[in-house]
Amino acid sequence: MTNIHPVLLCGGSGTRLWPLSRKSYPKQFAALTGETTLFQQSARRLSGTGFGAPLIMTNSDFRFIVTEQLAAAGIDPGAILIEPEGRNTAPAVLAAAMYLARTDPDAVMLVAPSDHVVPDAQAFRDAVAAGLPAARNGQLVTFGIKPTYAETGYGYLELAEEPRDFAARTLPLERFVEKPDPECAAEMLAAGRFLWNAGIFLFSAEAVISAFRTHAPDLIAPVEAAIKEAQVDLGFLRLAPKPWSEAADISIDYAVMERADNLSVVPFAAGWSDLGGWDAVWREADRDARGVALSGHATAIDCDETLLRSEDSTMEVVGIGLKDIITIAMPDAVLVADMSRAQDVKLAVAALKAKQAKQAGTFPKDHRPWGWFESLVIGNRFQVKRIVVHPGAALSLQSHHHRSEHWIVVEGTARVTVDQDVRLVTENQSIYVPLGATHRMENPGKVPMVLIEVQTGSYLGEDDIIRYEDVYARN
């Protein structure tokens, strides 16, 4: 049997789960519902017998996070396509289809966001298998979720008939329905013919490209050129920026699905959530008899229907007498909201952007291809960081115009270059990097290396870096 090619979309920003999800490190890369991240759960769900290596659509900022998390999950990726800028799902899906069609025009692709929760992975694979014959016959197959409440944050799919027992099979689609108001959502829930639109699709590359040629022909030329002029970069494929920028910013629903007449729906009732707000996270979490969900260093006293999460091991979060409250504590920001206002968290992000607060989009940990760092203390002319370097990884050979640095190794061993001097620095040892000196740190060991960096100088921004060599090909 020909393998299904999973196409995972993971370029979104996920502002509705702020402060845990931010533009620099969105929710798909966070462990929201278990020990593994949503992205890893998605990749595992679409793997195994009948599935090929996943094709990933992401952006430049996330490319090394993607490879690191796939490696940790034990999954070898197929192609990783880098979008120069976000242009919504239609150009992304078309690019994936064109890429696959170059080697196999009959390739069947399963397009899925990478930030969904599906507790029963096998049931979902069974639903995919049920839609496969229709996809091979040229149908555009989508998946409809059995609604469990009158949700206003999702679009709906109206079926021509009730799915009754929700057995895995394809059914004809009557129409797409936009996100409803509360009254319409309640009416659709009662009707029984309406399903949540999961935004998951199964079709052949040939069928979806043909659908784009018919319903969104203006996208063909720019996406085709972006693929043709793409550049290989360290195993990634960077789509060409100029033609990509000329592609319309439009979703695949608006561009193709709502216009096509060869659509089928597979109903699914085994559990699903897009975690589109903290209320959804609360619904998916383990809750006690009073509906309280706790995560991390959190304590509830006489609370009801409440979510308390501490994302910092040094911060204790305590709720007393709360009802229908969301509290999320990060090292640099705390969210407190009424459960009914979960969809308004995006307003908090907009307000922080307006006041130019870095917490609006920047995560406390800055993830890099070699590891990560976080700022512990920031003063007018100094900054203290904790830096973690993965085994075998190396920072770029670089220098700074405005700052000097003092490194103290607290775990592992570092190979340090300062101008012409190269030495090993072990735990409890330190080294000084003068202003202007060419320097690099590497982790030659087999365990993570941790050091404390003290910067001093007139300017401490991350853009004060002159790179001379970089194994990750960053400019």
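Residues numbered from 1 in each chain as written. Predicted model: local features only at pLDDT ≥ 70, side-chain atom pairs only at ≥ 80, totals over all residues. Heavy atoms only, no water.

For the protein chain, an unreviewed UniProt entry supplies the name mannose-1-phosphate guanylyltransferase and the organism Jannaschia seosinensis. Check the Catalytic activity (unreviewed entry) section of the UniProt entry for the protein chain; it says "alpha-D-mannose 1-phosphate + GTP + H(+) = GDP-alpha-D-mannose + diphosphate". (UniProt positions renumbered as here; feature names shortened; annotations may be inferred.)

Draft legend 1. Focus on the overall build of the protein chain. The secondary structure content of the protein chain amounts to eleven helices and 28 strands. Expected size for 475 residues packed as a compact globule is a radius of gyration near 23 Å; at 24 Å, the protein chain falls within 12% of this value. On the principal axes, the C-alpha backbone points of the protein chain span a range of 75 × 60 × 40 Å. The proportion of buried residues among the 475 residues of the protein chain is 52%. When contacts within the protein chain are restricted to residue pairs at least 6 apart in sequence, long-range pairs at least 24 apart make up 69% of them. In the form shown here, the protein chain has an accessible surface area of approximately 21100 Å², with 50% of it arising from carbon and sulfur atoms. In the protein chain, 44 positive and 60 negative side-chain charges are present, and the distance between their average locations comes to 3 Å. (Helix = DSSP H or I, 4+ residues; strand = E, 2+ residues; numbered from the N terminus. Rg over C-alpha atoms; globule rule 2.2 N^0.38 Å. Buried < 20%, exposed > 50% of the residue type's maximum accessible area, 1.4 Å probe, protein only. Contact = heavy atoms within 4.5 Å. Areas by Shrake-Rupley, 256 points an atom, 1.4 Å probe, with all protein chains shown as cover. Lys, Arg positive; Asp, Glu negative; His and termini not counted. Charge placed at Lys NZ, Arg CZ, Asp CG, Glu CD.)

Draft legend 2. Fine view of helix α3 (residues 89-101). Taking 1.5 Å of rise per residue, the 13 residues of α3 would be expected to cover 18 Å, and the 18 Å separating its terminal C-alpha atoms lies within 8% of that figure. Across the 13 residues of α3, ten count as buried, placing the element largely inside the fold. Along α3, the residues classified as buried are Ala 90, Pro 91, Ala 92, Val 93, Leu 94, Ala 95, Ala 96, Ala 97, Met 98 and Leu 100. (Expected span 1.5 Å × (residues − 1).)

Draft legend 3. Focus on the sheet that holds strand β22 (residues 403-411). With respect to topology, six strands assemble into an open sheet ordered β18-β19-β20-β27-β22-β25, the strand pairing being antiparallel. Both edges of this open sheet fall to β18 (365-368) and β25 (430-433), since each of them pairs with a single strand only. Averaged over neighbouring strand pairs, the angle between their axes works out to 20° when direction is ignored. Sheet analysis places strand β19 (residues 371-378) next to strand β20 (residues 382-389), joined by seven bridges and oriented antiparallel. Along β20, the bridge assignment pairs Ser 375 with Lys 385. (Pairing = 2+ DSSP bridges. Axes fitted to C-alpha atoms, helices over the stretch in contact; angles between N-to-C directions.)

Draft legend 4. Looking closely at the packing of aromatic side chains. Per the counting criterion, the structure on display carries 13 aromatic pairs. Here a set of aromatic residues connected by ring pairs shows up, and it is made of Tyr 25, Phe 29, Phe 39, Phe 62 and Phe 363. The ring of Trp 282 carries the charged tip of Arg 287 above its face, separated from the ring centre by 4.5 Å. The residue whose ring lies beneath Lys 385 is Phe 373, and the NZ or CZ to ring-centre distance is 4.0 Å. (Phe/Tyr/Trp six-rings, centres within 6.5 Å; stacked < 30°, edge-to-face > 60°. Lys NZ or Arg CZ within 6 Å of the ring centre and 35° of its normal.)

Draft legend 5. Structural detail: the pairing of strand β11 (residues 263-268). The element β11 is largely enclosed, with a buried count of six among its six residues. Every second residue of β11 is oriented toward a common face, with Leu 263, Val 265 and Pro 267 on one face and Ser 264, Val 266 and Phe 268 on the other, all of them buried. In this sheet, β11 lies alongside strand β5 (residues 140-145) in parallel orientation, the contact comprising six bridges. What sits directly across from Thr 142, in β11, is Val 265.

Draft legend 6. Molecular detail of the sheet that holds strand β12 (residues 293-295). The strand order β12-β14-β16-β17 describes an open sheet built from four strands, whose pairing is mixed. What marks the edges here is a single partner per strand, and that holds for β12 and β17 (334-338). Strand-to-strand, the axes of this sheet are offset by a mean angle of 5°, without reference to chain direction. Both strand β16 (residues 325-329) and β17 contribute to a ladder of five bridges, which runs antiparallel.

Draft legend 7. Representation of the pattern of salt bridges in the model. Scanning the model with the defined rule gives 22 salt bridges in all. Here Arg 169 ties to Asp 165 by a salt bridge, and the two come within 3.3 Å at their closest N and O atoms. Shared partners join several salt bridges into a network, and the residues in it are Asp 366, Arg 368, Lys 385 and Glu 462. (Salt bridge = Lys/Arg side-chain N within 4 Å of Asp/Glu carboxyl O.)

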